[in-house]
Amino acid sequence: MKIKVNEVELDVTPGTSVIDAVFAAGHDVPYFCSQEYMSPIGACRMCLAKIGAPRKDRATNDWILDEETGEPKIFWFPNPMATCTTQVMEGMVVDTISKDVKKAQNAMVEFTLVNHPLDCPTCDKGGACELQDRAYEYGSGESRFVFDKRHQEKHHALSELITLDRERCIHCKRCVRYFEEVPGDEVLDFIERGGHTYIGTLEDGLPSPFTGNITDICPVGALLDTTSRFRGRNWEYHHTDTTSLDDPSGAALRIDTRTGRIERIKAGLNDDVNKTWIDDGTRFGHEYADAEDRITRPMVRRDGTLVETTWADAAREIAERIAGMDGTRIGIALRGDATLEEGVAAKALADHLGSGRLDTAPRPAASVLPDGAAATLRDVATSDALFVVGDPTEEAGIVDLRIKDALKGVEPAPLFPHGPAIADLRLKERMPRKREILTICAPYRTDLMKHAGQAHVPPATSMVDLLHALAERASATVDGGTPSGAWDDALGMTAAEADALITRMRSSTRGVMIWSAFVSNDPRADEAARTFAKSVGAKTLILGPMANTAGLERISVLPSHDRYDYASMFTPETKALFLASLDPAVDPKVADRLRELDLLVVHAAFPTATSALADVVLPAVTGYEKDGTTLNVEGRLLPVRAAPVEAGTATDFTGVVKQLGEAFGTRLEGRSVKSARRVLRKLLDVDAAELPTTGQPLPPVRGKASGARAVREYARATGDALIVPSMVRVEHLDRNPHLRAERGDAALRAHPATLHAHGLTSGDVVTLPIGGIPRQLRVTASEGVPEGLWLAPTLPEQPVGLYDANLAAMVRERSATAEVA
Amino acid sequence: MSGAVADKPDTITSRHDPRFEVTLYKYVGVEGAHTLDAYLAHGGYGAAKKAFGMEPSEVVDLVKASGLRGRGGAGFPAGVKWSFMPPVDGRQRFVVCNADESEPGSCKDRYLMEDDPHQLLEGMMIAGYAIGATKGVLYIRGEYYHAYERLRDAIEEARQRGYLGENVMDSGFDFDVILHRGAGAYICGEETALMNSFEGLRANPRLKPPFPAQAGVYGLPTTINNVTTLASAVHIIEKGADWYAAMGTDDSKGIHHVQISGAVNRPGVFEVPMGITYREIIFDLAGGPKGPAKAFIPGGTSCPLFPFDDEHLDLPMEYAAVAKAGSMMGTGGLIVIPEDQCIVDAMYNVTRFYAHESCGKCTPCREGVSTWLPKMFQKLLAGLGTPEDVDLMEDMVSNLRGTAFCPLADACAWPVQTSLKYFRNEYEHLAQHGTPLHPRKDRWQS
Amino acid sequence: MIELNTIRPYFEDKPDVLDEILGRYPEYGRRSAVMPLLWEVQRHERYVSEARIVEIAEIVGLTATEVRGVMSFYSTYHGEPVGKYHLQVCSTLSCKLAGSDEMCDHLEDSLGLVPGETDTEGLFSLQKVECLGSCTTAPVLQVNDTYYERVTRDELDALLDALRRGEMPTPKRAREGDNAQLGAAPLAGEAFEAGTAADAALADAEAAEPENPEGGAA
Ligand SMILES: Cc1cc2nc3c(=O)[nH]c(=O)nc-3n(C[C@H](O)[C@H](O)[C@H](O)COP(=O)(O)O)c2cc1C
Ligand code: SF4
Ligand code: FES
Ligand code: FES
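Residues numbered from 1 in each chain as written. Chains lettered and ligands numbered in written order. Predicted model: local features only at pLDDT ≥ 70, side-chain atom pairs only at ≥ 80, totals over all residues. Heavy atoms only, no water.

Student: Sorry if this is basic, but what is going on with helix α2 (residues 15-23) of chain C here?
Tutor: All names here are of chain C. The complete set of buried residues in α2 reads Leu18, Ile21 and Leu22. Down the axis of α2, the buried side of the element spans an arc of 95°, and every buried residue falls inside it. Across from the buried face of α2, at angles greater than 90 degrees, the exposed residues are Asp16, Asp19 and Gly23. Close packing links the buried residues of α2 with α3 (34-45) and α4 (50-60). (Buried < 20%, exposed > 50% of the residue type's maximum accessible area, 1.4 Å probe, protein only. Helix = DSSP H or I, 4+ residues; strand = E, 2+ residues; numbered from the N terminus. Arc of directions from axis to C-beta. Contact = heavy atoms within 4.5 Å.)

Student: Would you mind going over the packing of aromatic side chains with me for this structure?
Tutor: How two aromatic rings sit relative to each other is given by the distance of their centres and the angle of their planes. In total, this model carries 40 aromatic pairs over all chains according to the counting rule given. Seen in terms of ring centroids, phenylalanine 296 of chain B and phenylalanine 306 of chain B are 5.6 Å apart; in terms of plane orientation they differ by 65°. Their pairing is edge-to-face. Placement of phenylalanine 296 of chain B in strand β7 (residues 293-297) and of phenylalanine 306 of chain B in strand β8 (residues 306-307) is noted, with a sequence separation of 10 residues between them. Ring geometry for tyrosine 74 of chain C versus tyrosine 77 of chain C: centroids 5.9 Å apart, planes at 90°, classification edge-to-face. Following the ring pairs from residue to residue traces out a cluster consisting of Phe94, Phe198 and Tyr218 of chain B together with Tyr25 and Tyr28 of chain C. The cationic tip of lysine 361 of chain B hangs over the ring face of phenylalanine 405 of chain B; the distance from NZ or CZ to the ring centre is 4.0 Å. A cation over a ring is seen here: lysine 14 of chain C above tyrosine 10 of chain C, with NZ or CZ 3.9 Å from the ring centre. (Phe/Tyr/Trp six-rings, centres within 6.5 Å; stacked < 30°, edge-to-face > 60°. Lys NZ or Arg CZ within 6 Å of the ring centre and 35° of its normal.)

Student: Mind showing me how you'd approach the packing of helix α14 (residues 343-357) of chain B against helix α17 (residues 408-433) of chain B here?
Tutor: The description of two packed helices rests on the angle between their axes and on the distance between the axes. All names here are of chain B. Contact pair α14 / α17: the axes reach a minimum separation of 9 Å and the direction vectors enclose 160°. As the angle between them shows, α14 and α17 are arranged roughly antiparallel. Note on packing geometry: the crossing formed by α14 with α17 is left-handed. Every residue of α17 that contacts α14 at Ile343, Val344, Met347, Val350, Thr351, Tyr354 and Glu357 is listed here: Leu408, Ala411, Cys412, Pro415, Val416, Ser419, Phe423, Glu426, Tyr427 and Leu430. Taken together, the residues of the contact of α14 with α17 break down into 13 nonpolar, 2 polar and 2 charged. (Axes fitted to C-alpha atoms, helices over the stretch in contact; angles between N-to-C directions. Parallel < 35°, antiparallel > 145°, perpendicular 65-115°, else oblique. Left-handed = near helix turned anticlockwise from the far one by under 90°. Nonpolar A, V, L, I, M, F, W, Y, C, P; charged D, E, K, R; others polar.)

Student: Just to check I follow, could you spell out the site of ligand 2 for this structure?
Tutor: Around ligand 2 lies a shell of 13 residues, among which Cys169, Ile170, Cys172, Cys175 and Cys218 of chain A are the nearest. When its residues are assigned to classes, the shell around ligand 2 shows 10 nonpolar, 1 polar and 2 charged. (Near = heavy atom within 4 Å.)

Student: What is the right way to read the sheet that holds strand β9 (residues 333-338) of chain B from this model?
Tutor: Working definition: the strands of a sheet are paired by backbone hydrogen bonds and lie parallel or antiparallel to each other. Residues and elements named next belong to chain B. With mixed pairing, the 5 strands of this open sheet are ordered in space as β6-β5-β9-β7-β8. Among the strands making up the open sheet, the edge pair consists of β6 (268-273) and β8. As defined by bridge partners, β7 adjoins β8 across 2 bridges and the pair is classed as antiparallel. Each residue of the ladder has a partner; that of alanine 295, found in β8, is proline 307. (Pairing = 2+ DSSP bridges.)

Student: Help me out: how do you make sense of the sheet that holds strand β19 (residues 385-389) of chain A in this one?
Tutor: All names here are of chain A. The 5 strands are arranged β21-β20-β19-β22-β23 in an open sheet whose pairing can be described as parallel. Pairing within the sheet leaves two strands with one partner each, and these edge strands are β21 (454-456) and β23 (539-542). Here the strands of the sheet are splayed against their neighbours by 15° on average, with no regard to which way each runs. Pairing geometry for β19 and strand β22 (residues 511-515), over 5 bridges, is parallel.

Set out below in structure tokens:
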């Protein structure tokens with residue numbers, strides 16, 4: 001419909017808010033309470049404008065005309081209107097610049113500043129503060145408020161990660177609304193009323209996995225990321241817009257660095273992927289990159305000890321030691337969050353050496369690439385029937401949030417030239433959620449289950465059978481057939497529930513099935529999941545264990561034969577190993593094997609059990625410090641960009657290959673990001689150097705995934721310990737003090753009855769061998785864990801799945817009661 | 001109606017008119033009138049029975065024809081509001097009674113609920129029938145404990161004897177009432193804040209649209225009316241629309257309840273025909289001012305005040321006339337301010353009320369009404385003000401006008417703004433001399 | 001949470017009370033029970049402690065933060081215990097014009113308390129409150145849930161004495177206008193003659209009508 005903003009005429013879609021129309025017209029209006037992707041509430045009153053519209057005569061349905069001009073007469077609202085909560089109307093006229101409007105805006109700035117301390121010189125938000133900017137643009141520059149301002153707590157720790165300055169809060173309610181509207185965890189609220197209103201919590205910390213986003217959306221310096229407080233001024237930061245390698249969601253990040261170190265991580269904007277949200281593991285889990293013990297130079301073992309040396313020397317050493325070695329006896333393994341470019345480099349190295357022993361870890365037994373209709377995150381967000389097998393909150397937090405989008409049932413709004421809608425009027429506070437569209441199945445109670453219409457916790461050992469039974473039942477009823485065979489309720493779902501699920505998925509038009517390592521670890525479960533999805537006509541989204549597991553599979557960074565996979569690298573057949581960012585020596589049996597190798601080359605950012613055994617250690621960059629490309633969970637290619645972090649001579653794996661090539665006297669493909677991208681262009685028909693920050697969908701492979709579908713049986717269907725996904729990366733926990741303080745140590749979760757039976761109390765610290773790896777864990781009681789089962793978080797070296805816990809060998813390191821005393 | 005509008009001798013506009021009969025308040029103040037038996041004894045629930053014999057739309061039309069306007073303050077035509085309900089679609093619908101009565105100067109609803117609770121329940125039942133709502137919500141302010149008890153007992157008695165519940169009075173219509181107590185928040189009188197409060201949320205007003213008819217209580221179709229609006233419906237059904245419309249003026253028909261307080265000889269609640277003059281109310285009903293008066297607030301403290309002069313005393317109590325003169329009928333809570341009361345002190349008192357009651361949602365109200373304006377008054381009253389402060393206050397209240405999320409900020413700004421208009425000299429006196437023109441005096445009767 | 005484990009939940013032994021309150025609201029409106037649950041606790045414990053907030057949150061299925069947010073919005077729920085007699089003086093305009101400032105001063109002097117305080121014995125709490133909806137019978141004093149209207153100095157002294165003795169006197173109902181108390185209760189139907197209340201009040205009004213010497217001007 002046609003409207004006019006000041007003198008600009010424009011055409012807007014019905015339903016648009018006036019504030020978005022104003023911005024679309026290239027004009028500006030200040031605002032504090034509106035926030036992209038959240039409900040407009042009209043609270044700050046900063047966005048006031050004068051608004052008028054023509055009216056129709058009720059009787060004739062004709063426009064009432066202005067007698068003088070003969071044009072439709074404009075009826076002005078008697079009061080200034082909040083543009084964020086007003087919808088456009090045909091013929092509407094908006095005035096944001098006249099004297100009256102300026103006076104009102106000026107007054108709102110003045111009111112907003114009444115209780116604001118104006119401590120900008122010492123505020124972390126200074127230079128990036130919406131209030132500072134708007135007060136400058138729309139304020140009168142002087143304050144007529146001469147009284148003492150409201151004194152409140154200035155350093156209130158809402159949690160270990162977030163600090164609240166109550167004096168600076170301008171009550172925009174963004175943070176409070178955020179918790180209700182986005183993660184659905186109402187852990188923050190306004191307390192008191194009127195001029196006494198403040199935000200606070202009665203919970204212990206802020207129990208939600210998505211708390212950090214409030215520090216991004218707070219328009220002032222009231223909510224601050226504790227890890228970066230008092231570190232630097234905004235104008236001193238260097239910003240790097242990149243993609244998270246923390247999990248497979250591919251969330252956009254903005255890394256703020258200063259003098260060679262990461263000061264903080266903020267969410268970037270990617271409308272299709274993470275909107276403007278990231279999870280706390282991703283945001284606060286970066287401190288490790290700055291740890292004291294970073295490896296910054298190559299080291300070579302001389303007379304039993306590792307000594308620092310140059311890259312050229314280290315490379316020469318390697319070249320010399322593998323010269324004449326049987327190439328098929330050399331293994332190369334990358335961690336699943338390596339970039340595609342690193343994958344190309346690793347392949348080039350393997351090819352050069354003539355080795356088929358190339359793999360990424362952790363890698364599930366089954367493919368993580370969809371073979372039917374692949375779902376995008378947008379498909380998830382607009383789905384009308386969701387079936388989730390797994391724990392997306394911990395696996396890829398953004399998937400959790402996009403599922404919650406779907407429960408609201410509001411189609412994503414198209415982007416404006418100025419970005420996402422500032423005020424999407426279809427979003428409301430406390431919207432009813434369509435929980436009934438969500439079914440979740442996992443071997444323990446997951447956080448997301450509280451939002452689900454149906455939640456099933458089958459015994460961990462019968463997940464496979466349950467999926468099989470579901471697939472069978474779904475297949476049998478494809479054309480209205482009747483289910484054959486008996487149904488076993490002991491699988492964790494009744495026949496009626498199964499039928500309801502099948503009917504719901506099948507009758508929907510936008511059904512999506514999501515699964516993760518719990519399924520992919522077992523090829524039979526994977527097969528069943530794919531059959532089920534196909535027979536109910538659902539698109540699929542498969543959560544890989546690591547950020548780029550899918551991408552590396554897609555470009556076949558895979559063993560030439562199944563018997564050459566990662567596990568085979570720790571058999572006597574292997575003589576030399578290149579391990580990038582992996583630490584298999586946490587398993588003592590593997591460590592023994594590594595000692596027997598002729599050559600162990602470790603590419604790592606930190607000393608590990610494995611690097612301690614290495615002959616050559618090469619310094620590695622972290623995921624924040626490399627250029628490259630990753631493929632996210634929905635098959636979107638996304639750019640990874642290096643933030644300027646001081647890391648000595650550390651490189652990514654392309655750098656390793658470059659140095660080795662030089663030592664070998666050859667130029668390998670993948671010896672630089674640029675050369676790797678030439679290979680990628682051939683493989684994927686995409687110029688990775690040209691990717692926009694928001695990435696580009698990669699057309700899915702038709703039919704079977706290109707990667708070999710391995711048939712290894714990693715996961716066993718028995719065991720009393722379940723390794724579960726974790727948003728907080730356990731391997732970095734020691735080097736992430738703030739995150740650790742808030743989220744706690746790696747937990748051994750069990751039902752209170754189970755703990756009781758073993759004489760354990762919440763808070764005890766134990767070392768428990770799980771699947772042969774001694775794990776140090778803090779005991780935590782949880783009603784959500786089935787009795788008799790032990791839950792521990794995954795490590796790259798210990799993928800999600802069932803294992804045996806050696807309870808007889810459990811050692812209590814510290815007891816909770818002793819600690820209290 | 002054409003021709004002479006000035007005089008309409010055919011309608012009742014004075015308590016002196018012998019045709020006027022106290023109706024809603026007939027049993028208010030009568031000991032024992034609150035029981036179901038007493039109510040039935042004088043024909044109680046007869047109107048509901050009569051309504052059940054009509055089509056719901058006929059009931060709505062009848063209320064429309066009566067000209068009944070909302071008595072909660074805004075004066076929206078009740079029948080028109082009822083007709084906004086969407087077509088029946090199987091969803092639960094609600095009729096909500098706003099019994100939060102917290103506007104300073106108002107107390108008409110309390111007496112009605114304490115002494116004649118069944119009249120209100122019957123009114124809710126009729127409204128419920130008219131709009132297709134089988135559930136009523138009666139939201140009563142927390143301080144009204146006596147009225148709460150009376151209503152609680154009345155509801156229980158009515159349930160037990162078939163006047164509430166399934167198939168009331170064998171009519172085939174189900175109707176029950178949820179009685180819900182507030183807990184001390186003026187803003188809960190604002191209809192959408194009331195709904196939030198009822199739902200167990202913080203009582204901030206909601207965005208409109210959607211209006212209650214589309215999404216009210218629990219997001220379901222809802223009609224909300226004041227206590228006396230609903231009670232009026234009983235008598236309109238019983239006596240007809242013409243009976244009601246025979247009182248008042250073209251613009252404002254029927255009955256209102258004036259609650260007169262402040263410096264008058266006989267404060268109290270009076271049932272009056274619309275169109276009655278403020279002079280008649282103050283002088284004839286309330287026995288005249290106690291000593292010289294300088295101002296009166298016509299409808300609760302949220303209304304701009306009027307100087308106590310002939311022009312304003314002769315105004316008819318009528319929505320249009322009062323609005324034209326610059327104020328509002330509001331709740332009919334009329335407060336007379338004596339000559340020797342410092343107006344700055346009085347307006348500080350009013351401001352302090354709104355400062356205390358601001359919900360804190362929007363900036364002008366939270367920072368202006370709830371924080372800055374009271375501080376300005378304190379400064380002035382402490383003798384520390386300057387003439388510039390008076391200008392600043394005037395500018396501030398003009399900035400508060402029409403900019404806030406809900407009318408509460410206006411409600412504070414209006415009386416202050418008009419006090420500055422009519423009694424600026426008192427503000428200036430304080431600013432210049434540091435002492436009020438009218439010093440405090442003991443007003444407590446012994 | 002920790003408190004909960006050591007303090008017995010309020011509703012543990014009152015399932016009937018809990019059921020009655022929850023039963024008032026439809027299933028989808030369970031959250032509505034927050035306010036009545038807070039009232040129930042406060043009526044018996046004179047305040048709502050944090051442990052009770054947590055308990056109510058669990059009953060209704062909210063976070064404790066939300067319940068705190070709701071509770072703290074209202075001025076009549078207390079987070080700290082108040083005295084046995086909670087004296088609430090209306091201090092808004094109509095009451096002010098009827099002497100509530102002076103009444104409050106008198107209470108402060110008699111009790112040795114300033115508004116917002118509770119005496120050491122926990123007998124009296126004094127508080128200034130906003131309009132109680134009793135403006136035509138100002139000044140008004142609310143003691144716990146009971147209104148005392150048109151309170152005079154002598155009446156107030158007598159009331160305090162009674163309260164000190166542990167007695168709550170029946171409040172007088174001194175009204176004027178159409179809500180005036182008209183004497184003995186007519187219980188039979190025929191006694192409810194049309195116009196009784198109105199006529200009486202009007203007659204009263206007319207009798208008292210002054211000559212209006214000032215002609216109404218200020
Ligand atoms: C700040 C504010 C306070 C209000 N307080 C009350 C009140 O106490 N009682 C009431 O009936 N209406 C009150 N209203 C008016 C209601 O919002 C609403 O208009 C009324 O309940 C509708 O009923 P009616 O049409 O029967 O008057 C208030 C409005 C505002 C803006
Ligand atoms: S903390 Fe920030 S986001 Fe929250 S209300 Fe205050 S200003 Fe708004
Ligand atoms: S009122 Fe805050 S942005 Fe419109
Ligand atoms: S002003 Fe005191 S009761 Fe209204």
